[in-house]
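# Fold and contact review
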Amino acid sequence: MTDYLVYKLILVAAIFGVTLLIAMYSTYLERKVAAFIQDRVGPDRAGPFGILQPLADGVKFFMKEEIIPNVSNKLLFILGPCIAMVTALMAGVVIPWGGSLIINGQAYSLQITDINIGILYIFAVVSIGVYGIMIGGWASNNKFSLLGAIRASAQMISYELAMGLSIIALIMITGTLSLKDIAAMQGGGVGSEWHLWHIVYQPVGFLIFIICAFAECNRMPFDLPETETELVGGYHTEYSSMKLGFYLFAEYINMFTSSAVMSTLYFGGYNFPFMNDLGLSPNAITIIGTIGLFIKIFLFIFFFMWIRWTLPRFRYDQLMNLGWKALIPLAIVNLAVTGVVMVLLD
Amino acid sequence: MESLSGRSKVVVKKEMTLAERLYLPAIIGGAMITLRHLFKRKSTVKYPEKKREFSAVWRGQHVLKRDEQGRERCTACGLCAVSCPAEAITMTAAERKKGEERLYREERYAAKYEINMLRCIFCGLCEEACPKEAIFLTDRLVPTEFERQDFIYGKDKLVEPVDEPIDVTKRQTAAVLEFKKNKRFAHNK
């Protein structure tokens, strides 16, 4: 029992640390990618190539003056960033970060917990994340914040529908909601059972999912909740110091989590091609698989940033049009076609 | 109307095709452009370590030159002030006393000479107008200050030090020297 607890605690701490580390370095990567796309070099003063920049940013956030507006609701004002941060971190619990490591004949799975409704859990947690933004924006008692919060909630609710519908088509194929099972379904090698990644079966579903993921993370073409040109800072206009840092951090953690979910659902998770054909030991396969998963996640994060510096922001009515009039019907059609094909193939 | 440049294009507002309305090809095209920029040579100059070279004809902070014996060349004729389109130059003339021959080249000199660096547009007309080859624009930058008053440069900042003359030959290209040779003011020698 203690063994079990220690193993789980180590795993939780490791994933917590890795998540924070990746979120930290996402800010660095974002600035570098932005700079490179604009033919600049980006931060390069703090340490070699500026790799200490996130630390400098963190120190800056802590040293900044903490301002809580007099007219705000103080409890909710503090609660907002906490909810955003906690829910962002909670989603990583069900993601399978790798297969199982076998130590002393005992298998240790690299997943904190395998809930059999893993996808539903992620959706639930992400939906609660909206409250962080809504409460923060509302408690600020500021028109810009309120507008940003309203936009955020409307946007997230609209896009969650299309996202859920695109996922249902995938779940019809897999027949399970457990992320571990879904990841395991995409593995195998030529010698053993060979399975293709789900992107092959659900390209349209994946397209809808990734567009919705952009909207859910408030990333660039859909970053209307914090449009700096029209809403100052959107829902975090009144925030300063580390509370602002929490909001920004939560955004990067969300990006990391959604990249992990996309990799797991559509791109094979911790599986890599020919994993059973290279004659590797199970532990080696697990470790390489985890590295592979992180490479996939990194590519997705890069993709998020790449698109951010490519596309201009949507207008609000365009955003709603795309969500309700394009993505939801498309998701329903995708769902219907998937069902028909499954029946025909049976 | 006839196009004068021959480069104007007639805008056609046609219905978009399905592929265009999907926007996906356009998005991929845009993404490819940004991806190309990712690997392009960066145009950043890492400033304090590496300074960008000035062009040969760069016009920066002015200098009031001295002659070979260290005497001020300026005679406060006021031609620079008259030629200045920004009205940045003012001066007060004074008469050379006995015993000051080592300081000033001619009987008349500028007791006060001020250039307002906030007004100056660094056009170089003062240099062109000067009959005495006294004022030159150099390749130095005007440093930043906190007060507006500090941008009004007096003789203390403008006249070159006796012991370390400021090099103004960089801008004196062959064409410029040729031009100066034909200047109407031959009394310059």
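Bringing the overall build of chain B into the picture now. Within chain B one finds six helices and five strands. Scaling as 2.2 N^0.38, a compact globule of 189 residues should have a C-alpha radius of gyration of about 16 Å, whereas chain B reaches 27 Å, well beyond that. Here chain B holds 189 residues, and the buried ones make up 16% of them. Long-range pairs, those at least 24 residues apart, make up 76% of the contacts in chain B between residues at least 6 apart in sequence.

On to the overall build of chain A. Within chain A one finds 12 helices and two strands. Structurally, chain A occupies a C-alpha span of about 65 × 45 × 45 Å along its principal axes. Within the span of chain A, comprising 346 residues, buried residues form 42% of the whole. Nonlocal contacts in chain A, meaning residues at least 24 apart in sequence, comprise 79% of its contacts between residues at least 6 apart.

This part covers the interface of chain B and chain A. On the chain A side, the residues contacting the 11 residues of chain B number 10 residues. When grouped by side-chain class, the residues that make up the side of chain B that touches chain A number four nonpolar, five polar and two charged.

What follows covers the packing of helix α10 (residues 241-266) of chain A against helix α11 (residues 282-308) of chain A. In a packed pair of helices, the relevant descriptors are the angle between the two axes and the axis-to-axis distance. Residues and elements named next belong to chain A. The interhelical angle for the contact between α10 and α11, taken along N-to-C directions, is 120°, at an axis separation of 8 Å. As the angle between them shows, α10 and α11 are arranged oblique. Considering only the axes of α10 and α11, their crossing is right-handed. On the side of α10, the interface is formed by Met-255, Phe-256, Ser-259, Ala-260, Met-262 and Ser-263, while α11 contributes Leu-293, Lys-296, Ile-297, Phe-300, Ile-301 and Phe-304. For the contact of α10 with α11, the class distribution of residues is nine nonpolar, two polar and one charged.

Phi is positive for Asn-218 of chain A, which is not a glycine, with a value near 55°. Within the secondary structure layout, Asn-218 of chain A lies in the loop between α8 (203-216) and α9 (228-231). With a phi close to 55°, Phe-122 of chain B is a non-glycine residue in the positive phi region. Looking at where Phe-122 of chain B falls in the secondary structure, it is placed in the loop between β3 (108-116) and α4 (125-129). Taking the number of C-beta atoms within 10 Å as the measure of exposure, Phe-122 of chain B has 16 and is therefore partly exposed.

Residues and elements named next belong to chain A. Take Ile-253: it is sitting in helix α10. Taking the C-alpha atoms as reference, Ile-253 lies 6.9 Å from Leu-89; in sequence the two are 164 residues apart. When residues no more than four places from it in sequence are discounted, the contact partners of Ile-253 are Thr-19, Ala-23, Ala-88 and Leu-89.

The periodicity of an α-helix, 3.6 residues per turn, causes residues three or four positions apart to be oriented the same way. A rise of 1.5 Å per residue sets the reference length of helix α2 (residues 24-38) of chain B, with its 15 residues, at 21 Å; its end C-alpha atoms lie 21 Å apart and thus fit the reference within 8%. Counted residue by residue, α2 of chain B has zero buried out of 15 residues, so it is predominantly exposed.

Let's shift gears to the nonpolar core. Residues and elements named next belong to chain A. Judged by nonpolar contacts, the single largest core of 76 residues is most densely connected at Ala-162, Cys-212, Ile-253, Phe-256 and Leu-327. Sorting elements by how many residues they give to this core places α10 first, with 13 residues. Excluding anything up to four places from it in sequence, Cys-212 contacts Tyr-159, Ala-162, Met-163 and Leu-327.

The subject of this paragraph is the sheet that holds β3 of chain B. Here three strands make up an open sheet; going across it, the order is β2-β3-β5 (chain B) and the pairing antiparallel. Looking along the sheet, the strands with just one partner apiece sit at the ends: β2 (89-95) and β5 (152-153) of chain B.

The next point concerns the pairing of β3 of chain B. Residue and element names in this part refer to chain B. Taken together, the seven bridges between β2 and β3 define a ladder with antiparallel strand orientation. The partner of Met-91 across the bridge, within β3, is Tyr-113. In this sheet, β5 lies alongside β3 in antiparallel orientation, the contact comprising two bridges. Opposite Asn-116, over in β5, you have Ile-152 as the bridge partner.

Residue and element names in this part refer to chain A. You can see Ser-241 is positioned in helix α10. For Ser-241 and Lys-64, which are 177 residues apart along the polypeptide, the C-alpha to C-alpha distance reads 5.0 Å. Every residue in contact with Ser-241, bar those within four places of it in the chain, is listed here: Phe-61, Lys-64, Glu-65 and Glu-66.

Here the focus is the packing of α8 of chain A against α10 of chain A. All names here are of chain A. In the contact formed by α8 and α10, the axes pass within 11 Å of each other and the chain directions differ by 170°. As far as their axial angle goes, α10 and α8 are roughly antiparallel. Mapping the contact onto sequence places Phe-206, Phe-209, Ile-210, Ala-213 and Glu-216 in α8 and Ser-258, Met-262 and Tyr-266 in α10. Looking at the contact of α8 with α10, its residues break down into six nonpolar, one polar and one charged.

For the rest of this paragraph, the subject is the confidence of the model for chain B. Residues and elements named next belong to chain B. Averaged over every residue, the pLDDT of chain B is 85; residues scoring 70 or more account for 94%. Below a pLDDT of 50 lies the segment residues 185-189, which in the model reaches four contacts outside its immediate sequence neighbourhood of four places, other chains included. Quick note on the complex model: pTM equals 0.77, ipTM equals 0.73.

This part is about helix α1 (residues 2-37) of chain A. The end-to-end C-alpha separation of α1 of chain A is 51 Å, in line with the 52 Å expected for 36 residues at 1.5 Å each. Among the residues of α1 of chain A, Ile-22, Ala-23, Ser-26, Tyr-28, Lys-32, Val-33 and Ile-37 of chain A are the ones counted as buried. The inward-facing, buried residues of α1 of chain A abut α2 (53-63), α10 and α11 of chain A together with α2 of chain B.

All names here are of chain A. Residue placement: Leu-76 occurs in helix α3 (residues 74-90). Given 16 C-beta atoms within 10 Å, Leu-76 falls into the partly exposed group. Those residues in contact with Leu-76 that lie beyond four places of it in its chain are Ile-135 and Ala-139.

Conventions and cut-offs
- Residues numbered from 1 in each chain as written.
- Chains lettered and ligands numbered in written order.
- Predicted model: local features only at pLDDT ≥ 70, side-chain atom pairs only at ≥ 80, totals over all residues.
- Helix = DSSP H or I, 4+ residues; strand = E, 2+ residues; numbered from the N terminus.
- Rg over C-alpha atoms; globule rule 2.2 N^0.38 Å.
- Buried ≥ 20, exposed ≤ 12 C-beta atoms within 10 Å, placed from the backbone.
- Contact = placed C-beta atoms within 7 Å.
- Nonpolar A, V, L, I, M, F, W, Y, C, P; charged D, E, K, R; others polar.
- Axes fitted to C-alpha atoms, helices over the stretch in contact; angles between N-to-C directions.
- Parallel < 35°, antiparallel > 145°, perpendicular 65-115°, else oblique.
- Left-handed = near helix turned anticlockwise from the far one by under 90°.
- Expected span 1.5 Å × (residues − 1).
- Core = buried A, V, L, I, M, F, W, Y, C linked by C-beta atoms within 7 Å.
- Pairing = 2+ DSSP bridges.
- pLDDT = per-residue confidence, 0-100.

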